Amino acid sequence: MPRTLIRKNPSNFKTLPLFVEATPEGLTYQSVGMPLNFAQTLQRRKPVSVADAERFALELANLGVSVRLTLHWQNRDYWVLVRQRRQDRGDVVLKLISGYVPAHELNIPLHTAIQEIAEECLLETPEGWLGGRFNDTWLPAPYASALHYREALPFRLTPLSGSARPVRCANLQLLERPRAYVHLPTASLQLIYDLRLDVPKEAKNLSLFHVDERLEGDQLVARLDRKRPDLYLMPLQDGEPLPELYTLKKGQLSPAGTRGLYLAESFARQDGWLVRDERIRWKDWLRQQGLTPPPKDTGLARLRGKAKQLLKKIVPRKKVNS
């Protein structure tokens, strides 16, 4: 049975609409208007359009932040994806760790990104849950009242190289150079940070779980469901993704099914500063990346192979006259 970790009042969350100016050289955003709560923000997330993908100025509903998190475990690298049922869009996708940026962090969205990792990506060992550090700063332990966090063996977050085009909040250029795009269907500006998570070698029998807040009545509720870890690993080879997905439980990787799978819009094609799609099919994304899914090792395929071998033994080959 899912375990409730925390409950929040959604009315405590406030964000701000944005005014965004984009040119081929960079993108600048700044807050406009009055703070909005979660429900008011959702009401403003309606489709917008612009004529030029590289040069425009428009008002948007909110700032969102995501993390393309590269997890380093047992000398291998993996992208971390989470499964989410998006209540505002009525779909289920695999997406990057992400969240809304609150009003008081619009000029430091990296802080929001790091908090999202602490809240959404949970690492468990038999001795307890791992805490984390970003450089010399400890990550928050958002569920300390419900879970036992280990004081030793923190995982470590470090920034990876960022986007070539600068992003500014007013006159302040954002460090770590996140990738930015305007998502037209939701009228939002999205920033994606590239971060690396190193799991300590001493952390044995590791399990990974995704915890996300859901709006239930008048509360935001975060629950841990061990039967549905909802956190997936996509292996990398020389920095490039492989067409495979796994879950990790007690140190063992298990293949995850991809039939009918959709990825969130951050995986869709970007045109200039714009992303126009709500989501992209897993198969379409693989094709877009030039990747081929691994062959299915089904029982039927194995039976066919054995039948062919048996047939070769039973049916003699015809002699060819010289």
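Structure shown above.
None of the values given here were measured: they were computed from a predicted structure.

Once that is clear, we can look at helix α3 (residues 282-289). Within the sequence span of α3, burial applies to Trp282, Trp285 and Leu286. Buried residues in α3, looked at end-on, bunch into an arc of 100 degrees, giving them a common side. Turned more than 90 degrees away from the buried face of α3 sit Lys283 and Arg287, all of them exposed. At its buried positions, α3 is contacted by β6 (76-86), β20 (231-237), β21 (240-241), β24 (262-264) and β26 (279-281). Just past α3, the residue Gly290 takes up positive phi, approximately 75 degrees.

With that settled, the discussion passes to empty space enclosed by the protein. In the structure shown here, the tally under the stated rule is one cavity of 30 Å³ or more. Residue lining of the largest cavity: Thr258, Gly260, Leu261, Arg281, Trp282 and Lys283, and that is the complete set. Partitioning the lining of the largest cavity into residue classes produces two nonpolar, two polar and two charged.

Let us look at the pairing of strand β5 (residues 62-73). With eleven of its twelve residues buried, β5 lies for the most part within the structure. Of the pairings in the sheet, the one linking β5 to strand β16 (residues 188-198) comprises eleven bridges and is parallel in character. Residue pairing for β16: Arg68 is matched across the bridge by Asp194. Strand direction decides the pairing type here: β5 and strand β8 (residues 97-100), joined by four bridges, are antiparallel. In the sheet register, Ser66 faces β8, and the bridge partner there is Ser98. Judged from the four bridges that link them, β5 and β6 form a sheet pairing that is antiparallel. Each bridged residue has a counterpart across the sheet, and for Leu71 the counterpart in β6 is Tyr78. Here β5 hands over to β6 after two residues, with Gln74 in that stretch at a positive phi of 50 degrees.

Tallied over the full model, the rule gives six aromatic pairs. Seen in terms of ring centroids, Phe13 and Tyr100 are 6.3 Å apart; in terms of plane orientation they differ by 70 degrees. Their pairing is edge-to-face. Taken as a pair, Phe13 in the loop between β1 (3-8) and β2 (18-23) and Tyr100 in strand β8 lie far apart in primary sequence, 87 residues in all. Over the ring of Trp273 we find Arg165; its NZ or CZ atom is 3.9 Å from the centre of that ring.

Thresholds, definitions, all that
- Residues numbered from 1 in each chain as written.
- Predicted model: local features only at pLDDT ≥ 70, side-chain atom pairs only at ≥ 80, totals over all residues.
- Heavy atoms only, no water.
- Buried < 20%, exposed > 50% of the residue type's maximum accessible area, 1.4 Å probe, protein only.
- Helix = DSSP H or I, 4+ residues; strand = E, 2+ residues; numbered from the N terminus.
- Arc of directions from axis to C-beta.
- Contact = heavy atoms within 4.5 Å.
- 1 Å grid on protein atoms, 1.4 Å probe; cavity = no way out; pocket = protein on both sides within 12 Å on 5 of 7 lines; lining within 4 Å.
- Points joined across faces, edges and corners; volume = space filled by probe spheres on them.
- Nonpolar A, V, L, I, M, F, W, Y, C, P; charged D, E, K, R; others polar.
- Pairing = 2+ DSSP bridges.
- Phe/Tyr/Trp six-rings, centres within 6.5 Å; stacked < 30°, edge-to-face > 60°.
- Lys NZ or Arg CZ within 6 Å of the ring centre and 35° of its normal.

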